[in-house]
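Residues per chain are reported as follows:
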Amino acid sequence: MTLSWLQIVRLGIVQMALGSIVVLTTSTLNRLMVVELSLPAVLPGLLVALHYGIQMTRPKWGFASDAGGHRTQWIIGGMVALAAGAMLAAVGVLVLATSFAIGMALSIVAYALIGLGVGASGTSLLALLATTTAPMRRAAAATITWLMMIFGIAVTAGVVGTLLDPYTPALLLKIVSVVVTGAVVITVLAVWGIERKLAIVRTPDATPFWDGMRDVWSEPKARNFTLFVFLSMTAYFMQELILEPYAGLVFAFTPGESTSLSGAQNGGVFIGMLTVGIIATGFKRGSLRNWVMAGCMGSAAALAVITLLGPIGPGAPLMPAVVTLGFFNGMFAVAAIGSMMALAGEGHTQREGTRMGLWGAAQAVAAGFGGLIGAAMVDLLRLATTDAQAFGFVFIFEGALFIAATLMAAKIMDRNPPRAAMVPGE
């Protein structure tokens, strides 16, 4: 049996819950450290890089899922770990205000838990989708689940941004506790019973992990796509840790306003994904390759506009520019995810989870690397230039990476992929 549309939406709800927690740790808490606590941007950058670095174990989890076992328990258990890590991270930010050593120790443990939670839950969920979704539905399933995750990020960021003003430590803890508790409950309700109803039976695989990895890495398509994911996602995540500090330091945004800015950006991502989904799957216009390239080039152009707004300062139309960046980011991401789901079932059989884990690890490493490099570059440049110039240089560099990703996509992606890879069917 394969997943029904309703079951695909239910798994998308899990992604929505996951995104709602992650956005708190990568945007709200990051901004509080840099602006309210006056800590260097590289500090939250290192913490976020830690949680991404731990996700390098994703291929191992995916391989274990291929070999057998119940994925539901990994999805729920990972979400619980993620929720606990986010709650501890909020406590760590408050403790940092009075004790740097204790606060940093708590934060390190918290972000390690976050990495374990995202890796265990996210990889198991994608492996379940890749192995139980009918081939004709894989691209649509990826689009649905990713859109729901972005929806969770956008709504959470927007609502939290509104409720967090005026900011107090007690209010922060209250909001975070409500979000993480709700995410865990929603996850349990959404995923419960799906594997049992599908009556999934997996053939035990005694192949050693590294032999399985060599099988996947020997596939040219899987290897080239891994390199593309790393390059493009480095560009995608480079602004993640510096956009809200940029809004606060250069445009005088309040904590609530800058959090709402993050929500607006992800709202743009949602619209971009939805637009491509409707045009590519509904009207059957454009290949995934062309949508990826258009999204990358549009993202580079939007970053150039955001850079040019810096010298204007407070009052500049930063919000529309950030929404535009989100739109083109979404256009690129949904096409890349569609390609990922289509490629997961190609090559050696019973390696869907391993491929998804490999690409997930590449994305995680790129996200941590991109975020850390972006934050470190800003810190160094602020020593010699103005805030607007420092952030602007990093945005331009990020745009150059998007252009490089465009050129790579043009070279390695299929010009005319099978229609089944992009259009859902019954």
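Regarding the side chain of Thr156
Relative to the helices and strands, Thr156 is located in helix H6 (residues 138-163). On the basis of relative accessible area, Thr156 is assigned to the buried category, the value being 11%. When residues no more than four places from it in sequence are discounted, the contact partners of Thr156 are Ser20, Val23, Leu24, Gly161 and Val179.

A word on the packing of aromatic side chains
Scanning the model with the defined rule gives 14 aromatic pairs in all. Summarising the aromatic geometry, the rings of Phe327 and Phe328 are spaced 5.3 Å apart at their centres and angled 80° between planes, so their arrangement reads as edge-to-face. According to the relative accessible area criterion, Phe327 is partly exposed, its value standing at 24%. On the basis of relative accessible area, Phe328 is assigned to the partly exposed category, the value being 23%. Members of the aromatic cluster, each reached through a chain of ring pairs, are Tyr52, Phe225, Phe228, Tyr236, Phe237, Phe332, Trp359 and Phe402.

Remarks on the nonpolar core
Counting residues in hydrophobic clusters, the biggest one holds 131 residues, and the most contacted among them are Tyr111, Tyr246, Leu318 and Phe332. Among the elements that make up this core, the one with the highest residue count is helix H14 (residues 318-344) (14 residues). If near-sequence neighbours (up to four positions away) are discounted, Phe332 is found in contact with Phe228, Ser232, Met233, Tyr236, Trp291, Val292, Gly295 and Cys296.

A few points about the packing of helix H1 (residues 5-36) against helix H11 (residues 243-251)
When two helices pack together, their arrangement is given by the angle between the helix axes and by the axis-to-axis distance. Where H1 meets H11, the axes come as close as 9 Å, and the angle between the chain directions of the two elements is 45°. Relative to H11, H1 is oriented oblique. H11 is crossed by H1, and the crossing has right-handed handedness. Contact with H1, carried on its side by Ser27, Thr28, Asn30, Arg31, Val34 and Val35, involves Glu244, Pro245 and Gly248 of H11 and no other residues of that element.

Here we look at helix H15 (residues 352-382)
The end-to-end C-alpha distance of H15 is 45 Å, a good match for the 45 Å that 31 residues give at a rise of 1.5 Å each. Of all 31 residues in H15, 23 are buried, a share of seventy percent or more.

Looking at the pattern of salt bridges
All told, the structure shown has 3 salt bridges when counted by the stated rule. Asp211 is paired through a salt bridge with Arg214; the nearest N and O atoms lie 2.2 Å apart. Of this pair, Asp211 and Arg214 both sit in helix H9 (residues 209-217), separated by 3 residues, roughly a single helical turn. For Arg382, the salt bridge is made with Asp387, and the minimal N-O distance between the two is 2.9 Å.

Side note on the packing of helix H4 (residues 71-96) against helix H5 (residues 100-132)
Packing of H4 against H5 leaves a shortest axis separation of 7 Å and a crossing angle of 155°. By the angle between their axes, H4 is roughly antiparallel relative to H5. At the point where H4 passes H5, the crossing takes the left-handed sense. Here the residues of the contact of H4 with H5 sort into 27 nonpolar, 9 polar and 1 charged.

Description of a nonpolar patch on the surface
A surface patch of nonpolar side chains, about 330 Å² in accessible area, is lined by Phe151, Val155, Val159 and Leu163. Val155 sits in the partly exposed class, given a relative accessible area of 37%.

Here is what the cut-offs are and how they apply
Residues numbered from 1 in each chain as written. Predicted model: local features only at pLDDT ≥ 70, side-chain atom pairs only at ≥ 80, totals over all residues. Heavy atoms only, no water. Helix = DSSP H or I, 4+ residues; strand = E, 2+ residues; numbered from the N terminus. Buried < 20%, exposed > 50% of the residue type's maximum accessible area, 1.4 Å probe, protein only. Contact = heavy atoms within 4.5 Å. Phe/Tyr/Trp six-rings, centres within 6.5 Å; stacked < 30°, edge-to-face > 60°. Core = buried A, V, L, I, M, F, W, Y, C linked by side-chain atoms within 4.5 Å. Axes fitted to C-alpha atoms, helices over the stretch in contact; angles between N-to-C directions. Parallel < 35°, antiparallel > 145°, perpendicular 65-115°, else oblique. Left-handed = near helix turned anticlockwise from the far one by under 90°. Expected span 1.5 Å × (residues − 1). Salt bridge = Lys/Arg side-chain N within 4 Å of Asp/Glu carboxyl O. Nonpolar A, V, L, I, M, F, W, Y, C, P; charged D, E, K, R; others polar. Patch = residues over 30% accessible without salt bridge, like charges linked within 9 Å, V, L, I, M, F, W, Y side chains within 5 Å. Areas by Shrake-Rupley, 256 points an atom, 1.4 Å probe, with all protein chains shown as cover.

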